[in-house]
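Understanding the architecture of this molecule
The primary structure of each chain is shown beneath.
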Amino acid sequence: MSSWRWQDALAYVPRVAVIGHDLAMVWLAWQLLHFVRYTIWVDSPPLPLFSWTTAIVLVVQGLVFWKVGLYKGLWRFASVTDIGNIFRASFLGVAAIVLVLAFRRLEGVPLSVLALYPIVLAAFLGMPRLVYRAWSDYRASRSDGAMRRVLILGAGSTASTLIRDLRRSGEYDPIGLLDDAPHLKGAKLHGLSVLGTLDDVPEVARETAARLLVIAIPGLDSAGLQRVMGLCEAAGLPYRIAPTVDDLLAGREAALKEVSIEDLLGRQPVQPDWALIRHWLGTRSILVTGAGGSIGSELCRQCARHGATRLVLVEISELLLSTIESELRASFPSVELICVLGDCGDPAVIKHALARAQVDAVFHAAAYKHVPVLEAQLREAVRNNVLASHTVAEAAVLAGVGQFVLISTDKAVNPINALGASKRGAEMVCQALDRKQARTRFVTVRFGNVLGSAGSVVPLFRKQIAAGGPVTVTDPRVTRYFMTIPEACLLILQAVSSSTKGAVYTLDMGQPVPIVKLAEQMIRLAGRVPGRDIQIVFSGLRPGEKLHETLYYADEHNTPTAHPKVLETNVRSFAHEPVMQILAQMREASRNYDLLVLAALLEQLVPEYSCHLLDATSATQRKVVPFAARESQRKQ
């Protein structure tokens, strides 16, 4: 216990020393001004080293220092803001001293002393801090000969902040800057010279014996970043990118980071309408199916971060459920969590989950989404993506949930695979239910590929690159839309917070990205050269794959919404009653594991889809008896 007390006391030693220094400066300023006033200007007896008036000044000024917050900062990082606080504390201090000494009518305190006191005190307090700061920065820049010599690309405000941070770290030694702006050639920033343009990277890096290149140009687009990366690779040095303000505000790591595939894709950061999202989410109870998946888990984080008071997590994987529960409890302790392990397609599971809380909105993110796998697993594609969606949606209606949000995909547009057809079927189910009742508002949000999500191409490419290649691309012409997981989830919340009943929303995915280009960029990010260090081979389109995806049908028309990245799509008209009949037949075929009937029913539900299972099947075999007739035959 005694050792703990000693350690606890020692932690306050630096702050006590600073307070002692500042009070000593108060005493010195007070004494010096009196000495000048009485000894030099007026022949008078010297002021005593200590008096009741001096004690009052020390106490009052010390309290003002504390109230202003002068001891919350550190001398090591003294800045203009700290000097401003010192001036404020000095002038507030003299005002407080005048008020306290007024009861004695300021006897023995000349007005000239009071007038000069705050200026002299501010100088006495500020100069030691600035000198200490300069000395610390100098010592950090010179103390370790083994520090990595850093050449900074860019000479703007980001570079200015970066130079200070690198010097304070004690691990890096900034040695110069490069920038394409002509007016900056030869200029200096924090004592570092702009040594040339970005094209001079290889030559300047060699001449200055740089060991690390840091990109500090936050406004670079994808093409610009690729150019800079090429120059860094030509220099043969490792390179990093300086964190941006968006990284810091989003809570991401403030250290130098490697260039990511997200940086190279050149997607501009999404700026949602935070007020609208928080107003919609505030105090709501949200249920998320597939809560442990890549999209579901991020939706949980965003909902918790922006105002939801209760989250009901439905997840079939016990590991994923445990993982997201632990993360949310650690990050958002004030949010109530209700965890339900089970298949959301089981009516008992979803009914139980909805009964655990008064749910205001359901985000249905649970789905199978791997195209080649589902081509060989049609029953599971229909059962999980169509029938489970119907189960969850119907349960939400019966529970009186205000809003049901279906997370859909661009593959649901003109589908040629089981994934796309089953997701289009889920969209039609929601639209049919929306027309049948008026209480629950159904909303569908479509978007394309999500970087880093389970089953996406990015983790596969990373694994292949780590193994030395080759990287397999299906076809050199293939393109896909990409966005990051947080971006997709924020836009989902943006769409839903301003949605209309029965609306279908598509997210602006930017320009489609050629997959071969994505592969080349990822190889370069790994410090390899495509075609030389890592080969790219073309394996041919897999079953159910398209060359290009589209975000809406030809007869669907997008209209802008309040957010430029969210577009509202008109709902395609179709007969709703047959949809419910087909669903009933699908459930029976699913129970019997009748793939041919399921395939034919899926084609009936989504007429633009043609199932490969039925390609060689006769017209007679493809015919599915209407539901009413099947029931009549069964009763007979």
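Residues numbered from 1 in each chain as written. Predicted model: local features only at pLDDT ≥ 70, side-chain atom pairs only at ≥ 80, totals over all residues. Heavy atoms only, no water.

In the annotation of an unreviewed UniProt entry, the entry for the protein reads Multidrug MFS transporter, and the organism field reads Stenotrophomonas koreensis.

Concerning the overall build of the protein
Broken down by element type, the protein carries 24 helices and 21 strands. Of all 636 residues assigned to the protein, the portion counted as buried reaches 48%. Sequence-distant contacts in the protein: of pairs separated by 6 or more residues, those separated by 24 or more amount to 75%. Carbon together with sulfur atoms contributes 58% to the accessible area of the protein, which is approximately 30,700 Å² in total. (Helix = DSSP H or I, 4+ residues; strand = E, 2+ residues; numbered from the N terminus. Buried < 20%, exposed > 50% of the residue type's maximum accessible area, 1.4 Å probe, protein only. Contact = heavy atoms within 4.5 Å. Areas by Shrake-Rupley, 256 points an atom, 1.4 Å probe, with all protein chains shown as cover.)

Quick word on the side chain of Glu315
Locating Glu315 in the fold gives a position in strand E8 (residues 310–315). Buried within the structure, Glu315 lacks any salt-bridge partner; its nearest side chain of opposite charge belongs to Lys369, at an N-O separation of 10 Å. Within the structure, Glu315 has its side chain in polar contact with the backbone nitrogen of Ala291 (distance 3.4 Å). (Lys, Arg positive; Asp, Glu negative; His and termini not counted. Salt bridge = Lys/Arg side-chain N within 4 Å of Asp/Glu carboxyl O. Polar contact = N/O pair within 3.5 Å; in protein donor to acceptor, adjacent residues only side chain to side chain.)

Details of the UniProt feature "transmembrane region" (unreviewed entry) in the protein
Mapped onto this numbering, the UniProt entry annotates "transmembrane region" (unreviewed entry) at residues 12–30, 50–71, 83–103 and 109–132. Note that residues 109–132 is 92% helix and 0% strand, and that its end C-alpha atoms are spaced 33 Å apart. (UniProt positions renumbered as here; feature names shortened; annotations may be inferred.)

What about the packing of aromatic side chains?
Overall, the coordinates contain three aromatic pairs when judged by the stated rule. Ring centres of Trp30 and Tyr117 lie 5.6 Å apart, and the angle between their planes is 85 degrees; on these two criteria the pair is classed as edge-to-face. With Trp30 in helix H2 (residues 13–41) and Tyr117 in helix H5 (residues 111–142), the pair connects residues that are 87 residues apart, well separated along the chain. You'll find Trp30 and Tyr117 in the same group, each marked buried. Ring geometry for Phe404 and Phe442: centres 5.2 Å apart, planes at 45 degrees, overall tilted. Separated by 38 residues along the polypeptide, Phe404 in strand E11 (residues 403–409) and Phe442 in strand E12 (residues 441–447) bring together distant segments of the chain. Given the relative accessible area of 2%, Phe442 is considered buried. (Phe/Tyr/Trp six-rings, centres within 6.5 Å; stacked < 30°, edge-to-face > 60°.)

Observations concerning the sheet that holds strand E1 (residues 148–153)
What the six strands build is an open sheet, ordered E3-E4-E2-E1-E5-E6; its pairing is mixed. At either margin of the open sheet sits one strand with a lone partner, and together these are strand E3 (188–189) and strand E6 (239–241). With two bridges joining them, strand E2 (residues 172–178) and strand E4 (residues 192–196) adopt parallel strand pairing. Within the sheet, the bridge partner assigned to Leu177 lies in E4 and is Val194. The sheet strands contacting helix H6 (residues 157–169) are E1, E2, E3, E4 and strand E5 (212–215), and the helix crosses E2 at an angle near 160 degrees. (Pairing = 2+ DSSP bridges. Axes fitted to C-alpha atoms, helices over the stretch in contact; angles between N-to-C directions.)

Remarks on the pairing of E4
Pairing between E3 and E4: two bridges, direction antiparallel. Paired with Lys188 across the strands is Ser193, a residue of E4. In sequence, E3 turns back onto E4 through a hairpin of two residues, with His190 there showing a positive phi of about 50 degrees.

Here we look at the packing of helix H21 (residues 576–591) against helix H22 (residues 595–605)
Helix-helix packing: each pair is described by the crossing angle between the helix axes and the interaxial distance. Packing of H21 against H22 brings their axes to within 9 Å, and their N-to-C directions diverge by 165 degrees. When the interaxial angle is binned, H21 and H22 end up roughly antiparallel. When you trace H21 past H22, the crossing you get is left-handed. Seen from H21, the contacting residues are Val579, Ile582, Gln585, Met586, Ala589 and Ser590; seen from H22, they are Val597, Leu598, Leu601, Leu602, Gln604 and Leu605. Its residues assigned to classes, the contact of H21 with H22 comprises nine nonpolar, three polar and no charged. (Parallel < 35°, antiparallel > 145°, perpendicular 65-115°, else oblique. Left-handed = near helix turned anticlockwise from the far one by under 90°. Nonpolar A, V, L, I, M, F, W, Y, C, P; charged D, E, K, R; others polar.)

As for the pattern of salt bridges
Applying the stated criterion across every chain yields a total of 14 salt bridges. Residue Asp199 pairs with Arg227 through a salt bridge whose shortest N-O separation is 2.9 Å. Taken together, the residues span a long stretch of sequence, with Asp199 in the loop between E4 and helix H7 (201–207) and Arg227 in helix H8 (residues 222–235) at a distance of 28 residues. Arg227 gets classed as partly exposed once you look at its relative accessible area, which sits at 37%. Put simply, Arg301 and Glu298 hold a salt bridge, and the shortest N to O gap is 2.8 Å. Here the residue Arg301 and the residue Glu298 both occupy positions in helix H12 (residues 294–305), the gap between them amounting to three residues, near one helical turn. The same class applies to Arg301 as to Glu298, namely buried.

Some words on the packing of helix H16 (residues 378–398) against helix H17 (residues 418–436)
Between H16 and H17, the shortest axis-to-axis distance is 9 Å and the interhelical angle comes to 20 degrees. Accordingly, the angle class assigned to the pair H16 and H17 is roughly parallel. The two elements H16 and H17 meet at a crossing, and its hand is right-handed. Together, Leu378, Ala381, Asn385, Val386, Ser389, His390, Ala393 and Glu394 of H16 and Ala418, Leu419, Ser422, Lys423, Ala426, Val429 and Leu433 of H17 make up the contact between the two elements. Tallied by class, residues from the contact of H16 with H17 come to nine nonpolar, four polar and two charged.

Topic: the sheet that holds strand E9 (residues 336–341)
Pairing is mixed across the open sheet formed by nine strands, whose spatial order is E9-E8-E7-E10-E11-E12-E17-E21-E20. Edge strands, defined here as strands with exactly one partner in the open sheet, are E9 and strand E20 (558–560). Between one strand axis and the next, the sheet turns through 25 degrees on average, direction left out of account. As paired strands, strand E7 (residues 285–289) and E8 are joined by five bridges and run parallel to one another. Each bridged residue has a counterpart across the sheet, and for Val288 the counterpart in E8 is Leu313. Contacts between H12 and the sheet are confined to E7, E8, strand E10 (361–364), E11 and E12, with E8 contributing the most and set at about 175 degrees to the helix. In this fold helix H19 (residues 485–497) packs onto E10, E11, E12, strand E17 (504–507) and strand E21 (566–569), with an angle of close to 150 degrees to the strand it touches most, E12.

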